[in-house]
Each structure stands twice: as structure tokens, then as C-alpha cells.
Amino acid sequence: MLESVGSLTGSPWIYAMVALSVLLDVFLPVLPSGVLVIAAATAAAAGSAAGQVPGTFPDILVLTFCAAGASVLGDLVAYRLARRGGARLDRAIARSRRLTTAQERLGDALARGGGALVVLARFAPAGRSVVSLIAGAAQRRARDFLPWSALAGLTWATYSVALGWFGAHWLGTTWLATAVSLLALFGAGAGATYVVRRQPA
């Protein structure tokens, strides 16, 4: 992964690759978008530490906002599709007690302005997909959902970029730094999943 990203670090294509991966993983949660963001941030740290000319390695602020923007756009697309998909998706959700409970919980949280659940779910595996689709299927207003989606995307992107950047600066641009950063990312995901499941129904 690092080698593949390394060949793109001096090109705007790195941002397109990150944006596409983050955008699509709302529909295909198996895509390693977080891994790609960390790898790009690690490459940025390596270029900065080596004193390379700016522009020959990713800019971490652009990388952060690129990942965050793609995250929000993906959420919005899934939300709109679910909102228009209406009856069919409602029937699919109704067949699952867990999804029905999640729909009710999310609806209550958004109605109370307590969309911290949306932020937590962004870190949980497939949590972003479930939240976006359920918010749309429940016909929640975009103005109730999108601000929390934006906060979730920015928080996740900042955390992921910071892991790659600081991991590389503290541990060097080695497999160890990448492994530690990925463990921290997956650890956050596991923690978010635990907290979301512990929320009262």
C-alpha cells in the first residue's frame, strides 16, 4: 500500500484516489479508505521530514478536507437514495429487529439534537452506511442529519490523517509506524462499536 501511494504522492491523483475510496465505502464498507488516508498522511510526513519541495508530497490540510468532504458527500448520496427508496427499504429494515431499533434510536437522537451517535458510528465498521441509510429511510430532515455528518467526517478524517502524520514522525516511516497507526484506527472503531451498542434503546 505504501509503495502504491508513494508513486502518487507528487500528483493530484492522490487526492482523487482518497476521495473516491472514502466516497464509495459508504456502499462498500470493505474498502480500506482509512488505511489509504493513513498511508497518504504517512507519505506526507516522510516528504516533510526529508525536506522535499512542497508539492511533491500530499498537503495534510488538503488531504484532511478531501477525505472529510468525500465522507459527507457519500453520506448525502446514501441518505438521498434511502429517502427516495422509501417503502422497499422500510420493508427490509422492518424484517430486522436490530435495524428497527437502530432506526428508532437514531431518529430520537437526531430529533433531540443528540447526533453524537452519528459521529460515533462514523468510526464503527459499516456504521456510517447504517446511519446514512436509516436517516434517509426514516425521512429525517437533511438539516438534522447533515451537520452531524459533516462533524463526523471531519473528526474521522482529522483522526486518520493525524495517525499517519504523527506515527511517521514519532516512529519513522516504517512498517511499525503504519501498523501502530492502523491498530489505533481499528481500536477507535472497536471502541465506537462498543459505545454505540451500549446506548440505551
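Counting of residues starts from 1 at the beginning of each chain's written sequence and follows it residue by residue. Where totals are concerned, whole chains, interfaces and linings use all residues; where local detail is concerned, this predicted model gives features only for residues with pLDDT of at least 70, and gives and counts side-chain atom pairs only at 80 or more. With hydrogens and water excluded, all non-hydrogen atoms of the structure serve as input to the side-chain values.

Asks: Would you mind going over the nonpolar core in detail, with residue names and values included?
Replies: Residues Val 18, Val 22, Val 37, Leu 63, Ala 67 and Trp 156 are the most contacted members of the largest nonpolar core, which totals 24 residues. What counts as a helix is a DSSP run of H or I of at least four residues, what counts as a strand is a run of E of at least two, and both are numbered from the N terminus. Those elements that place two or more of their residues in this core are helix H2 (13–24), helix H3 (33–49), helix H4 (60–94), helix H8 (142–171) and helix H9 (175–198). Top contributing element to this core by residue count: H3, with six residues. Membership of the second largest hydrophobic core comes to eight residues, among which are Tyr 79, Ala 121, Val 131 and Phe 145. Take the buried residues of types Ala, Val, Leu, Ile, Met, Phe, Trp, Tyr and Cys, join any two whose side-chain atoms come within 4.5 Å, and each joined set is a nonpolar core. Each residue gets one of three labels from its accessible area relative to the maximum for its type: buried under 20%, exposed over 50%, partly exposed in between, using a 1.4 Å probe on protein chains only.

Asks: Describe a nonpolar patch on the surface, listing the residues and the values that go with them.
Replies: Residues enter patches when they are more than 30% accessible in relative terms and free of salt bridges; like-charged ones are connected within 9 Å and nonpolar ones (Val, Leu, Ile, Met, Phe, Trp, Tyr) within 5 Å. All accessible areas in this document rest on Shrake-Rupley with a 1.4 Å probe, and a residue is counted as covered only by the protein chains that are shown. Criterion for a salt bridge: a side-chain nitrogen of Lys or Arg within 4 Å of a carboxyl oxygen of Asp or Glu. Taken together, Leu 20, Leu 24, Phe 27, Leu 28, Leu 73, Val 77 and Leu 81 make up a surface patch of nonpolar side chains, about 610 Å² in accessible area. Of all elements in the fold, only H2 and H4 reach the threshold of two or more residues within the nonpolar patch. Top contributing element to the nonpolar patch by residue count: H4, with three residues. Topologically, Leu 81 is positioned in helix H4. On the accessibility criterion, Leu 81 (53% relative accessible area) is exposed.

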